[in-house]
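Geometric and topological summary
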Amino acid sequence: MSSPKSRSAQLLVCAGFAALFALAANLLSGMATDTRNRQQLNELGEQMLRRSELGVDYAFIALGKIAESSAIGAAAPCSETFRSSLRQRVFRHSTIKDIRLLDRNGAILCSAFPETVTGISMRVDLSQAIAARNSGVKLMKLAIPDGEAMAVVWSASGEHKLMAIVNTSALLFDVLPTGLRDEGAATINLNGVSSSVARYAPAGWDPAASDLETFAAHSSRFPLNAIIRVKEPALAAWNHSSNRTLLMLAALLGLAFGGLAARTLFREHHPVAAIDKALSGHEFVPYFQPIFSLRDGKMTGCEVLARWIRADGTIVQPHQFIPLAEQTGRIVPLTWQLVDEALLQMRPYLRRNKNFCLAFNIGASHLLQPGFTEDLRRHVSGAKVGSRNVVIELTEREELPDLGKARELISGLQERGYKVALDEAGTGHSGLSYVQKLGADVIKIDKLFVDSVMTERSARVLVELLVNLARELGMTTVAEGIETREQADLLRELGVDRGQGFLVSPPVNGAQFQAMLDLNTLPAERGTKQEAAKAADVRAV
Ligand code: CA
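All of these numbers come straight from a predicted model, not from anything done at the bench. (Residues numbered from 1 in each chain as written. Predicted model: local features only at pLDDT ≥ 70, side-chain atom pairs only at ≥ 80, totals over all residues. Heavy atoms only, no water.)

**Some remarks on the state of the cysteines**
Under the definition given, this model contains one disulfide. C78 shares a disulfide with C110; S-S distance 2.1 Å. When the S-S torsion is -80°, as for the bridge of C78 with C110, the disulfide is left-handed. On the criterion of sequence distance, the pair formed by C78 in the loop between α1 (4–69) and α2 (80–92) and C110 in strand β2 (residues 108–111) is long-range, its members being 32 residues apart. For C302, which is in no disulfide, the shortest distance to another cysteine sulfur is to C357 and amounts to 9.1 Å. Note on C302: relative accessible area 0%, which makes it buried. Given a relative accessible area of 12%, C357 falls into the buried group. (Disulfide = S-S within 2.5 Å. Helix = DSSP H or I, 4+ residues; strand = E, 2+ residues; numbered from the N terminus. Buried < 20%, exposed > 50% of the residue type's maximum accessible area, 1.4 Å probe, protein only.)

**Digging into the pattern of salt bridges**
Once the charged atoms of two side chains with opposite charge are near each other, the side chains can pair. Scanning the model with the defined rule gives 21 salt bridges in all. Linking E80 and R87 is a salt bridge whose minimum nitrogen-to-oxygen distance equals 2.7 Å. R87 gets classed as partly exposed once you look at its relative accessible area, which sits at 25%. The salt bridge partner of E183 is K231, with a shortest N-O separation of 3.7 Å. Of this pair, E183 sits in the loop between α3 (168–171) and β7 (184–190) while K231 sits in strand β10 (residues 224–231), and the two are 48 residues apart along the sequence. (Salt bridge = Lys/Arg side-chain N within 4 Å of Asp/Glu carboxyl O.)

**Quick notes on the packing of helix α8 (residues 331–352) against helix α16 (residues 510–518)**
It is the contact of α8 with α16, at a shortest axis distance of 11 Å, that shows an interaxial angle of 10°. Taken together, α8 and α16 sit at an angle that is classed as roughly parallel. Of the residues in α16, those touching α8 at Q345, M346 and Y349 are G510, F513, Q514 and L517. Split by residue class, the contact of α8 with α16 holds four nonpolar, three polar and no charged. (Axes fitted to C-alpha atoms, helices over the stretch in contact; angles between N-to-C directions. Parallel < 35°, antiparallel > 145°, perpendicular 65-115°, else oblique. Contact = heavy atoms within 4.5 Å. Nonpolar A, V, L, I, M, F, W, Y, C, P; charged D, E, K, R; others polar.)

Right, dumping it as structure tokens:
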């Protein structure tokens with residue numbers, strides 16, 4: 001039993017979870033992409049460094065071979081044979097642009113291809129060279145007119161040095177991934193030297209911009225660093241195309257989870273817990289059904305019936321909660337709540353009409369509970385209402401385990417001014433002797449007999465028996481469930497004193513009942529149109 005309100009709340013929970021899961025998936029996938037991107041750029045830096053180290057290694061090997069194979073004679077250091085060996089080495093290694101022989105002061109003595117790299121001064125400032133871990137090898141930056149170059153210098157002998165010019169620009173060719181090529185720069189630097197020996201940067205690149213992320217790799221063998229710088233926004237956007245399949249899956253998972261959560265959150269409480277909650281929320285309210293005289297049609301009192309008005313306004317009928325309340329003992333607090341509320345609502349009328357009776361249904365086990373009479377006194381006097389305004393309708397649904405004790409209790413109630421009615425008489429466990437022994441004030445003839453009193457002889461006989469018994473014992477009779485004028489007429493003829501039923505009014509709420517009392521009359525009869533036409537007569541009888 002779930003209301004439209006709670007259904008829409010459940011849908012809201014499902015949608016919320018779907019959105020939450022999609023959001024979380026997006027966030028997590030974004031974080032994963034970020035981590036992957038950084039890892040990729042760090043690896044790229046390492047690759048650049050390895051390439052540079054390899055370039056230096058090749059140059060070092062080439063220089064070593066030259067030193068091994070050709071005696072660099074002090075007298076004729078730049079013989080044709082020697083220069084030829086230089087050319088062979090350059091030719092073999094694509095990463096080497098040129099090899100030159102220097103004297104101890106850095107003056108260039110000869111080159112493999114003097115025309116290859118032009119514009120370099122004829123003297124190399126060897127003080128700028130930075131030693132590698134193997135101190136025989138030094139690296140230095142060469143300023144050349146069209147960019148940067150790196151030289152690997154090797155001390156060949158005391159007198160001479162060999163210098164290889166390494167093709168560093170080739171090291172950085174296409175190094176950055178396509179998505180970052182316009183938003184990042186890559187450089188190879190020598191330790192302690194601010195300007196690079198190799199550099200890739202897009203047009204208009206500002207190396208001093210504040211929003212750059214740096215990824216660096218440092219060589220342990222050579223004084224070399226590889227550095228990649230990428231603009232932060234470009235890095236944040238890189239590879240971040242949203243994964244629709246992932247988002248859909250996450251949303252579906254969220255829906256499933258939301259469904260489970262909604263079911264848990266909105267699960268109908270255990271019925272007993274629901275009754276307890278309704279008790280504490282005062283959701284049980286009294287409804288009133290008139291009891292009228294079959295002789296003059298005047299209202300003599302009413303029966304108080306429980307209705308459960310849930311917080312959302314739905315009305316729960318008694319058969320949906322009374323049996324459980326009886327089984328679990330909740331009927332006791334429920335009854336007192338009903339007594340208090342009904343007496344409170346009716347107090348002004350009852351104080352003016354001392355003979356008007358409010359009848360409350362009390363189960364046998366409740367009546368027999370220790371302290372019932374005292375509890376009743378407390379509730380009735382608490383409401384500042386007289387005991388003669390109160391009728392206890394003792395239902396026959398539950399068999400009285402101790403008839404003697406019940407008799408004692410009933411007479412105790414009567415001594416205090418209450419009236420006691422035997423509810424649903426004739427349907428219960430002990431038949432007429434039960435009615436006889438209990439000494440109640442009122443017999444309520446069950447609807448079962450009223451329904452069939454027109455057609456079933458046995459029903460008519462039973463009603464007659466009950467009426468006769470009541471007369472003998474000085475009791476009043478009330479017929480329940482009167483729906484037609486004919487039933488009312490016959491019951492009156494059979495000697496029944498009072499009636500109750502849809503012919504006059506169904507149970508109504510306090511405000512409607514007050515309106516009936518204020519008009520000091522009963523509403524038009526219900527039932528068929530023909531019956532309605534005779535409404536005035538009923539009130540007249
Ligand atoms: Ca009743």
